[in-house]
Amino acid sequence: MCSMQNKTGSQWGINLANQNVRAAAAQVLNNVVERGESLSNALPLAQQNVAVRDRALLQELCYGVLRWLPRLDFFCKSLMDKPLTGKKRPLHYLVLVGLYQLLYTRIPAHAAVADTVNGVKELKAPALKGLINAVLRNFQRQQETLCAQVEGNMTLTHCYPTWIVNRLQANY
């Protein structure tokens with residue numbers, strides 16, 4: 001008997017990939033920001049590894065985090081004593097994905113935190129699940145205070161580069 005299987009192993013060409021969307025977004029963001037890869041190249045490759053129903057969410061998370069990167073970085077630095085560097089750097093972007101979901105999506109907070117924490121397994125750092133959970137829960141408790149700190153800073157409020165803010169303020 002002949003089976004119609006594609007290279008993903010599913011029948012009839014249906015992609016049943018099970019990669020965690022948040023982990024995939026963190027990997028894409030790490031490749032784009034740290035390695036200088038183009039988002040237009042990195043995103044389609046990552047979308048092939050997630051379920052079809054999750055591809056739009058992956059795109060939203062990647063574009064959204066990059067749009068609000070300075071603000072999300074500020075929040076992350078405010079909530080963590082030491083930055084995640086080296087091989088742990090993708091976990092920094094996982095935190096940013098979690099923060100983006102809490103701030104800018106309609107995903108329920110409990111689901112955003114839980115799914116983001118579950119992404120730690122795919123990034124091969126299960127020992128840091130507690131840290132990621134603590135940072136996101138701490139953000140939920142301190143959200144009003146942290147957002148108030150951003151309000152006076154035009155660069156963080158609108159996420160424009162400093163030089164544009166300076167030029168706008170000088171001219172207007």
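Scroll up to find the structure.
Read on for an overview of the structure. (Residues numbered from 1 in each chain as written. Predicted model: local features only at pLDDT ≥ 70, side-chain atom pairs only at ≥ 80, totals over all residues. Heavy atoms only, no water.)

### Regarding the overall build of the protein chain
At step 1: Within the protein chain, the regular secondary structure consists of nine helices and zero strands.
At step 2: Taken from the N to the C terminus, the helices and strands of the protein chain come in the order α-α-α-α-α-α-α-α-α.
At step 3: Seen through its principal axes, the protein chain has C-alpha atoms that stretch 75 × 35 × 30 Å.
At step 4: For the protein chain, the proportion of its 172 residues judged to be buried stands at 43%. (Helix = DSSP H or I, 4+ residues; strand = E, 2+ residues; numbered from the N terminus. Buried < 20%, exposed > 50% of the residue type's maximum accessible area, 1.4 Å probe, protein only.)

### A look at unusual backbone geometry
At step 1: Positive phi is not limited to glycine here, since Lys124 has a value of about 60°.
At step 2: Note on placement: Lys124 falls in the loop between α6 (109-122) and α7 (129-151).
At step 3: Overall, the relative accessible area of 72% leaves Lys124 in the exposed class.
At step 4: Phi at Cys159 is positive, roughly 60°, even though this residue is not glycine.
At step 5: On the secondary structure map, Cys159 appears in the loop between α8 (154-158) and α9 (162-171).

### Focus: the nonpolar core
At step 1: In terms of nonpolar packing, the biggest core is built from 49 residues, with Leu58, Val65, Leu91, Leu96 and Leu99 touching the most fellow members.
At step 2: Of all the elements in the fold, those that place two or more residues in this core are α1 (21-35), α2 (39-47), α3 (55-67), α4 (69-79), α5 (89-104), α6 and α7.
At step 3: With residues near it in sequence (within four places) discarded, Leu58 still touches Val21, Ala24, Ala25, Leu43, Ala46, Gln47 and Val50. (Core = buried A, V, L, I, M, F, W, Y, C linked by side-chain atoms within 4.5 Å. Contact = heavy atoms within 4.5 Å.)

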